[in-house]
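Coordinate analysis (summary)
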Amino acid sequence: MPGNGAYDVARKLWNGMIDKHPALIAFCANAADVAHAVSFARDHELLVAIKGGAHSFSGKSSCDGGLMIDLSGMKGIEVDAEERIARVQPRVLGGELDVQTQLYGLAAMTGSISRTGIAGLTLGGGFSRVSRKYGLMIDSLRSADIVTGDGKHRHASADENPDLYRALRGGGRKNPIRPWYCQKSSARHPN
Ligand SMILES: Cc1cc2nc3c(=O)[nH]c(=O)nc-3n(C[C@H](O)[C@H](O)[C@H](O)COP(=O)(O)OP(=O)(O)OC[C@H]3O[C@@H](n4cnc5c(N)ncnc54)[C@H](O)[C@@H]3O)c2cc1C
C-alpha cells in the first residue's frame, strides 16, 4: 500500500509518463495468489490492473485507486524440446524465453524488444522478426491457465473450454484464413 517501501518501485511502468497510484498492489507468486486477488477485488468492487512486463504504452497495467496484480514473482520457463513447446509463467520477458529456447536451437515469436512481457505480447497478437514467415505469437498459443473474473482457475485449450481459448486468441474465425504473408512464398498478395 502507499507508504510501504516497495510501493513506488512496484507501481512504476515502462512508460515513465504514466504516474498512476493503485490503492493496493498484490505481489502474486502463483495462480492461487492471483485467484485470491481477483476474488478480493470483486468482493470489494475494485478496479483491477495486471502488471506483466509493464510495457503497455498507455499504462493499462496500472490504475488509480484500484488493485494492481503484480506478477513479477511468476517467472518460470519450461522448454520441451521434443514437443517444441514452452510453458511460460506470465512475468517472463521475451529475452528470457529466447535464452531458454536457444539452448535447444529453437525460437519463439518474441517481439523485437527483449524486455516486453510474454503474456501481454501474446494477448495483443505478438509481432516478431519472424512473423512474416511463421505468423503471430498468438497463432502458436496451445493453451493457457487463466483466472477468470469469478476468481476461478481454468484451463483453456482447443479441447478444454474451447470458447475461452478462442476468446484469448482474439475471438475471430474458427478456421482463420492465413494472411498472405504467412502463405507459401509463391503466393502473391491479393492486391
Ligand atoms: C519498447 C516497446 C517495444 C515493443 N515491441 C513490440 C514488438 O516487437 N512486437 C509486438 O507485438 N509488440 C511490441 N510492443 C507492444 C507490447 O507487446 C505490448 O505493449 C504488450 O501488451 C506488452 O506486454 P507486457 O506484459 O510487457 O505489458 P503490461 O503493461 O504488463 O501488460 C499489457 C497489457 O496486457 C495485460 N496483461 C499482461 N499480462 C497479463 C496476464 N498475465 N493476464 C491478463 N492480462 C495481462 C495488462 O493488463 C495490460 O492491459 C512493444 C512495446 C514497447 C513499449
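Residues numbered from 1 in each chain as written. Predicted model: local features only at pLDDT ≥ 70, side-chain atom pairs only at ≥ 80, totals over all residues. Heavy atoms only, no water.

Taken in spatial order, the three strands make up an open sheet running E1-E3-E2, and their pairing is parallel. Edge positions in the sheet fall to strand E1 (24-27) and strand E2 (48-51), since each of these pairs with one other strand and no more. When the angles between neighbouring strand axes are averaged without regard to direction, this sheet yields 20°. In this sheet, strand E3 (residues 67-70) lies alongside E1 in parallel orientation, the contact comprising four bridges. When the sheet's bridge partners are listed, Leu 24 is paired in E3 with Leu 67. Strands in contact with helix H2 (residues 31-43) are E1, E2 and E3; relative to E3, the strand with the most contacts, it is inclined by about 175°. (Pairing = 2+ DSSP bridges. Helix = DSSP H or I, 4+ residues; strand = E, 2+ residues; numbered from the N terminus. Axes fitted to C-alpha atoms, helices over the stretch in contact; angles between N-to-C directions. Contact = heavy atoms within 4.5 Å.)

The subject of this paragraph is the domain arrangement of the protein chain. For the protein chain, the assigned domains are domain 1 (7-70), domain 2 (75-140) and domain 3 (142-178). For domain 2 versus domain 3, the separation of C-alpha centres amounts to 18 Å. Taken together, the contact between domain 2 and domain 3 spans eight residues of the former and four residues of the latter. Carbon and sulfur atoms supply 42% of the area buried between domain 2 and domain 3, which totals about 460 Å² over both sides. Joining domain 2 to domain 3, the criterion identifies zero salt bridges. Linking domain 2 with domain 3 are one residue pair in polar contact (both at pLDDT 80 or more), by the criterion used here. Classifying every residue of the side of domain 2 that touches domain 3 gives four nonpolar, one polar and three charged. (Domains from an automatic or database assignment. Buried area = accessible area lost by both parts, 1.4 Å probe. Salt bridge = Lys/Arg side-chain N within 4 Å of Asp/Glu carboxyl O. Polar contact = N/O pair within 3.5 Å; in protein donor to acceptor, adjacent residues only side chain to side chain. Nonpolar A, V, L, I, M, F, W, Y, C, P; charged D, E, K, R; others polar.)

This brings us to the pairing of E2. Side-chain direction in a regular strand flips from residue to residue, so the side chains alternate between the two faces of the sheet. Burial along E2 is one-sided: Ala 49 and Lys 51 are buried, and none of Val 48 and Ile 50, which face the opposite way, are. In this structure, E2 lies alongside E3, joined through four bridges in parallel fashion. Along E3, the bridge assignment pairs Ala 49 with Met 68. (Buried < 20%, exposed > 50% of the residue type's maximum accessible area, 1.4 Å probe, protein only.)

With that out of the way, let us pick up the pattern of salt bridges. Enumeration over the complete set of coordinates arrives at seven salt bridges. One salt bridge in this structure joins Asp 19 and Arg 11, with 2.7 Å as the shortest N-O distance. For Arg 11, a relative accessible area of 15% gives the class buried.

Take the side chain of Ser 61 next. Inspection of the secondary structure assignment puts Ser 61 in the loop between E2 and E3. Those residues within four positions of Ser 61 in sequence are excluded, and the remaining contacts are Leu 13, Ala 49, Ile 50, Lys 51, Ala 54, Ser 56 and Met 68.

Below, the discussion takes up helix H3 (residues 94-102). Residues separated by three or four positions in an α-helix point in the same direction, a consequence of the helix having 3.6 residues per turn. Looking only at H3, the buried set comprises Gly 94, Gly 95, Leu 97, Asp 98 and Thr 101. All buried residues of H3 lie within an arc of 155° about the axis, which places them on one face of the element. The secondary structure elements touched by the buried residues of H3 are strand E4 (77-80), strand E5 (85-88) and helix H4 (118-123). (Arc of directions from axis to C-beta.)

The end-to-end C-alpha separation of H2 is 18 Å, in line with the 18 Å expected for 13 residues at 1.5 Å each. Inspection of H2 places Val 34, Ala 35, Ala 37, Val 38, Ser 39 and Ala 41 among the buried residues, and these make up the whole buried set. Elements that come into contact with the buried residues of H2 comprise E1, E2, E3 and strand E6 (143-147). One side-chain oxygen at the N-terminal end of H2 lies 3.2 Å from the backbone nitrogen of Ala 32; it belongs to Asn 30. With its phi angle positive at about 50°, Glu 45 sits one or two positions after the end of H2. (Expected span 1.5 Å × (residues − 1).)

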